[in-house]
Amino acid sequence: MIDYYSTSAEFYELVATRHTASSGPPLARVLTGLDVSHGPVLEIGAGTGRVTEVIASALPDAEILAAEPSATMRAMLTSRIARDPGLRRRVTVTDGAAQDLALPERLSAVVVFGVAGHLTAPERVALWKRLAARLPDGAPIVVELMGVSSPRVIPPVMSLRETIGRQTYEWWIGGEPTEGDAMRFTTTWKVLRDGRTVREVADSYDWHTFDVARLAREVGMTSRRITEAGGRPIPEIGVLVK
């Protein structure tokens, strides 16, 4: 299992806060009213638990299985769950990665945010088949699409700038095609004080591009794409339905 996040985990919450503010409401709308009597709701790649909170709020009667393979991220996830009495009763944290995750026999829904592109197409197909076998008809797999459906050059751009105390944090990200359907993304966090860079943390990872139609074909499900909420654009979300 490759740990994509420990290098820059100290900055993750800065991105997660903004990400959840835009992706959380449409995810909640997809999940609200869902029948959760079939089994737990599975979240693959739960990170620090921001999306876990959205799932729990949208489905107050659901048991949630939150899987996060990165030990650093899982520490923050467990801390978030542990300090909330309601989450402590309903959320089980596990360390499995998507490719070899131990699954219960039955599931009511699956949420896959920030994960699918880390898997090759054969790995995704194997995962979708395992999930579909445990879902009832009409149950969704909600996938974050990331807005990159095919490889392309993305020049480095500052995607976030936040100030905490006396320091300002900048997140720069860019990408370029590698082989086949893959891109290599490079991210750099710059820590500035008094306008001067005092530290930089850089990392890179490969991401296999896809769109919701391709994911639906891989598993033989129907699909729809959500691109806005309340009239405002959001990071793309795909809903696969058995």
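Our subject is the structure listed above.
Regarding helix 1 (residues 12–31)
Move 1: Relative to the 28 Å expected for 20 residues at 1.5 Å per residue, helix 1 spans just 25 Å between its end C-alpha atoms, considerably shorter than the ideal helical length.
Move 2: Most pronounced at Ser 23, the bend in helix 1 amounts to some 40 degrees, and the proline Pro 25 follows within four residues.
Move 3: One or two steps after helix 1, the chain reaches Gly 33, where phi turns positive at roughly 85 degrees.

A word on the pairing of strand 4 (residues 109–112)
Move 1: Of the two faces of strand 4, the one holding Ala 109 and Val 111 and the one holding Val 110 and Val 112 are both buried throughout.
Move 2: Pairing analysis gives three bridges linking strand 4 to strand 5 (residues 140–144), with the strands arranged parallel. For Val 110, the partnering residue across the bridge sits in strand 5 and is Ile 141.
Move 3: Handedness of the crossover is the feature at issue here: the chain leaves strand 4, passes through helix 5 (residues 121–132), returns alongside strand 5, and the resulting connection is right-handed.

Remarks on the packing of helix 5 against helix 6 (residues 212–219)
Move 1: One can describe the packing of helix 5 onto helix 6 by two numbers: an axis separation of 9 Å at closest approach and a directional angle of 65 degrees. When you trace helix 5 past helix 6, the crossing you get is right-handed. Counting all contacts with helix 5, which are made through Ala 121, Arg 124, Val 125, Trp 128, Lys 129 and Ala 132, the residues of helix 6 involved are Arg 214, Leu 215, Glu 218 and Val 219.
Move 2: The residue inventory of the contact of helix 5 with helix 6, partitioned by class, reads six nonpolar, no polar and four charged.

Structural notes on the nonpolar core
Move 1: One finds Ile 44, Leu 131 and Ile 141 to be the most contacted residues of the largest nonpolar core, which totals 43 residues.
Move 2: If we ignore the near neighbours within four places in the chain, the residues touching Ile 141 are Val 110, Val 112, Trp 128, Leu 131, Leu 135, Met 221, Gly 238, Val 239 and Leu 240.
Move 3: One finds Val 41, Val 51, Ala 109 and Val 142 within the second-largest nonpolar core, a separate group that totals 26 residues.

Quick look at the sheet that holds strand 6 (residues 154–164)
Move 1: One open sheet accounts for four strands, arranged 6-7-8-9; its pairing is antiparallel. The open sheet has two free edges, formed respectively by strand 6 and strand 9 (196–208), since each of these has just one partner strand. The sheet shows a mean angle of 15 degrees between the axes of neighbouring strands, direction not considered.
Move 2: Bridge count between strand 8 (residues 182–193) and strand 9: 12 bridges; the pairing is antiparallel. Within strand 9, the residue paired with Phe 185 across the bridge is Tyr 205.
Move 3: Set on the sheet, helix 1 makes contact with strand 6, strand 7 (167–177) and strand 8; between it and strand 6 the angle comes to about 100 degrees.

Describing the pairing of strand 2 (residues 64–67)
Along a regular strand, successive side chains alternate from one face of the sheet to the other.
Move 1: The alternating pattern of strand 2 places Ile 64 and Ala 66 on one face and Leu 65 and Ala 67 on the opposite face, and all of these are buried.
Move 2: Where strand 1 (residues 41–44) lies against strand 2, four bridges are found, and the strand directions are parallel. Paired with Val 41 across the two strands is Ile 64, which belongs to strand 2.
Move 3: Handedness of the strand 1-helix 2 (residues 50–58)-strand 2 crossover: right-handed.
Move 4: In terms of strand pairing, strand 2 meets strand 3 (residues 91–94) through four bridges, oriented parallel. Counterpart to Ile 64 in the pairing with strand 3 is Val 91.

Rules of the game
Residues numbered from 1 in each chain as written. Predicted model: local features only at pLDDT ≥ 70, side-chain atom pairs only at ≥ 80, totals over all residues. Heavy atoms only, no water. Helix = DSSP H or I, 4+ residues; strand = E, 2+ residues; numbered from the N terminus. Expected span 1.5 Å × (residues − 1). Bend = angle between axes of the 7 residues up to and from the residue. Buried < 20%, exposed > 50% of the residue type's maximum accessible area, 1.4 Å probe, protein only. Pairing = 2+ DSSP bridges. Right-handed = clockwise from strand over helix to strand, strands pointing away. Axes fitted to C-alpha atoms, helices over the stretch in contact; angles between N-to-C directions. Left-handed = near helix turned anticlockwise from the far one by under 90°. Contact = heavy atoms within 4.5 Å. Nonpolar A, V, L, I, M, F, W, Y, C, P; charged D, E, K, R; others polar. Core = buried A, V, L, I, M, F, W, Y, C linked by side-chain atoms within 4.5 Å.

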